[in-house]
Amino acid sequence: MTNYFSSKFKLGILGGGQLGKMLLYNTRKFDIYTSVLDASEEAPCKIASNEFHLGDLMDYDAVYNFGKQVDVLTIEIENVNVDALEKLEKEGIKVYPSAKTLRTIQNKAKQKLFYRDHNIPTSDFTRFAYISEIEDSLENGGLEFPFVWKAAQFGYDGNGVKMVRNLSDLEGLPKGECIAEELIPFKNELAVIVARSASGETKTYPVVEMEFHPEANQVEYVICPARISEDVAKKAEAVALKVSKAFNHVGLLAVEMFQTKDDQILVNEVAPRPHNSGHQTIEASYTSQFEQHIRAILNLPLGRTDSKVGGVMVNLVGAEGYSGNVVYKNIENIMNMEGVTPHIYGKKQTRPFRKMGHVTIVNEDLNEARRVAEEVKKSIKVISE
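The rules behind each value
Position labels on residues start from 1 in each chain and follow its written sequence. Given that the model is predicted, a residue must reach a pLDDT of at least 70 before its local features are reported, and side-chain atom pairs must reach 80 or more before they are shown or counted; all residues, however, enter totals for whole chains, interfaces and linings. To obtain the side-chain values, all non-hydrogen atoms of the structure were included, while hydrogens and water were left out. Working definition: helices are DSSP H or I runs of at least four residues, strands are E runs of at least two. Numbering for both runs from the N terminus. Residues are treated as being in contact if the distance between any of their heavy atoms lies within 4.5 Å. Definition of nonpolar core: a set of buried residues of the types Ala, Val, Leu, Ile, Met, Phe, Trp, Tyr and Cys, connected through side-chain atoms within 4.5 Å. Under the scheme applied here, a residue whose accessible area is under 20% of the maximum for its type counts as buried, over 50% as exposed, and between as partly exposed, the area being computed with a 1.4 Å probe on protein chains only. For Phe, Tyr and Trp, rings pair up if their centres lie within 6.5 Å, where Trp contributes its six-membered ring, and each pair is then called stacked (planes under 30 degrees apart), edge-to-face (over 60) or tilted (otherwise). By definition here, a salt bridge exists when the distance from a side-chain nitrogen of Lys or Arg to a carboxyl oxygen of Asp or Glu is within 4 Å. One requirement defines pairing of two strands: DSSP has to find at least two bridges between them. Contacts described as polar in this section are N or O atom pairs within 3.5 Å, which, within protein, must combine one atom able to donate a hydrogen with one able to accept it, while residues neighboring in sequence count only if both atoms come from side chains. In this scheme, a helix's expected span is set at 1.5 Å multiplied by one less than its residue total.

A. Representation of the environment of I380. The topology assignment puts I380 in the loop between α11 (366–379) and β21 (381–384). Note: C-alpha distance between I380 and E320 (60 residues apart in sequence) is 13 Å. With residues up to four places along the chain from it excluded, the contact list for I380 reads L316, K329, N330, I331 and I334.

B. A look at the nonpolar core. Core analysis: the biggest nonpolar cluster contains 22 residues, and Y115, V243, F247, V255, M257, V267 and V270 have the highest contact counts within it. Excluding anything up to four places from it in sequence, V255 contacts L190, A191, V192, A240, V243, V267, E269 and V270.

C. Expanded view of the packing of aromatic side chains. Applying the stated criterion to the full structure yields 8 aromatic pairs. Centroid distance Y4 to F9: 4.7 Å. Interplanar angle 80°. Geometry classified as edge-to-face. We note that Y4, like F9, is buried. Taken together, a centroid distance of 6.0 Å and an interplanar angle of 15° make the contact between Y60 and Y64 stacked. In this pair, Y60 and Y64 both sit in helix α2 (residues 60–67), 4 residues apart, roughly one turn of the helix. We classify Y64 as buried; its relative accessible area is 17%.

D. Summary view of the pattern of salt bridges. According to the stated counting rule, one finds 23 salt bridges in the structure shown. Between K29 and E291 there is a salt bridge, with the nearest N and O atoms lying 2.7 Å from each other. One end of the pair, K29, is in helix α1 (residues 18–30); the other, E291, is in helix α9 (residues 289–297), and 262 residues separate them in sequence. Of the charged contacts, one joins K187 and D263 as a salt bridge, the two residues approaching to 2.7 Å between their closest N and O atoms. With a gap of 76 residues between them, K187 in strand β10 (residues 186–196) and D263 in the loop between β14 (251–260) and β15 (265–271) connect regions that are remote in the sequence. You can call K187 partly exposed: its relative accessible area is 42%. Here the salt bridges share partners, and the residues they tie into one network are E209, E211, R227, R370 and E374.

E. Here's a closer look at the pairing of strand β4 (residues 72–75). Here β4 shows no split at all, with V72 and T74 on one side and L73 and I75 on the other all buried. Where β4 lies against strand β5 (residues 94–95), 2 bridges are found, and the strand directions are parallel. For V72, the partnering residue across the bridge sits in β5 and is K94.

F. Just the side chain of S244, in detail. Within the fold, S244 resides in helix α7 (residues 230–247). At a separation of 3.4 Å, a polar atom in the side chain of S244 contacts the side chain of H249. Each residue touching S244, except ones within four places of it in the same chain, is listed here: V194, R196, H249 and L253.

G. Representation of α11 in the model. For α11, spanning 14 residues, the distance from its first C-alpha to its last is 20 Å, which sits close to the expected 20 Å at 1.5 Å a residue. Here α11 has its buried residues at L366, A369, R370, V372, A373, V376 and S379. One side-chain oxygen at the N-terminal end of α11 lies 3.0 Å from the backbone nitrogen of N367; it belongs to D365.

H. Molecular detail of the sheet that holds strand β19 (residues 349–350). Read from one edge to the other, the open sheet built from 3 strands follows the order β19-β17-β21, with strand pairing classed as antiparallel. Here the strands that pair on one side only, and so sit at the sheet edges, are β19 and β21. Here strand β17 (residues 324–329) runs beside β19; their pairing, made up of 2 bridges, is antiparallel. Paired with G324 across the bridge in β19 is T350.

I. Expanded view of unusual backbone geometry. With omega at -5°, the peptide bond leading from Y96 into P97 counts as cis. Relative to the assigned elements, P97 resides in the loop between β5 and α4 (99–106). Of note, the bond from C224 into P225 is cis; its omega dihedral lies within 30 degrees of zero at 0°. Within the secondary structure layout, P225 lies in the loop between β13 (219–224) and α7. In the Ramachandran plot, N119 falls in the positive-phi region, its phi being about 55° despite a non-glycine side chain. Its identity is not glycine, yet N299 carries a phi of approximately 60°, on the positive side.

In structure tokens form, the structure reads like this:
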């Protein structure tokens with residue numbers, strides 16, 4: 001067995017954002033040497049990694065040269081140069097998730113085709129090379145309003161997704177490759193995080209329920225466990241495991257799903273890394289999703305995934321109308337509430353809807369946790385000087 005702890009072993013992380021910062025809570029706990037690549041001098045990971053390198057994650061040379069210096073390479077963001085990862089794999093560097101998995105997941109059209117090819121339940125969709133083809137399809141009756149437009153690449157946190165109810169909704173959207181998805185009338189948006197180690201050991205976290213902000217299309221609350229029947233939970237877990245098996249991924253795979261009106265489960269999309277729907281695991285679970293990702297990619301035994309207590313997570317995003325140096329207004333008020341833990345990501349600049357942190361609320365009574373979460377949301381404001 002490789003000695004990962006207090007040794008010369010080097011773990012590389014592509015991306016220096018908040019997910020990387022939370023991974024580093026655990027590498028520091030285990031004294032695993034880390035090297036991070038990010039394009040920003042002000043990346044949240046800069047202060048916590050052993051080495052920090054500046055570089056564009058989409059640049060072949062930057063990713064390849066960085067990857068050659070590490071023993072195992074992982075990501076905290078999908079938008080990285082996959083060609084460089086393929087070359088590194090050929091040269092014996094362990095890359096988790098694999099370049100093959102990333103290539104499929106990076107492109108929403110390829111991701112949807114993957115579900116279709118592997119009999120994974122998902123909403124109907126049409127793939128378009130250009131947005132102008134959508135207009136043609138609407139004209140000749142191939143497509144009908146309403147539908148969900150998604151950019152095939154580089155969408156994140158609600159960017160690159162739009163509800164289209166009429167032609168004017170298409171104005172100003174990027175012109176390139178996209179998909180039009182059937183609009184699903186759903187009861188709940190659910191997520192299951194699957195952890196899988198290099199040797200194939202697999203564990204799932206409890207199903208969570210996600211409540212979205214109506215305008216920003218961002219997760220506002222994550223509730224664990226989801227307030228659903230045991231039957232629906234089992235179905236969601238089975239679908240998530242099927243997706244994990246199809247990808248044969250290593251690390252974490254967050255599977256976002258719709259629970260339809262008649263309790264069918266449809267896969268929306270996946271992320272092969274720690275995910276917003278698992279932040280509450282830091283306080284509420286026996287093993288946080290971040291520790292689990294490290295265990296999985298290093299092929300260490302996976303930790304317990306059940307919850308110690310009910311948890312609700314609230315995203316802290318920049319308030320509308322504020323840009324500039326960040327100020328967290330009323331943070332001491334929320335810290336006065338029982339079971340409340342804020343996590344501040346270390347981004348110095350705020351702008352509307354930018355993810356700046358999150359707050360976890362834990363309580364034996366999930367309804368009470370949800371009530372406090374509402375209070376937290378109303379109290380704390382992410383504004384600028």
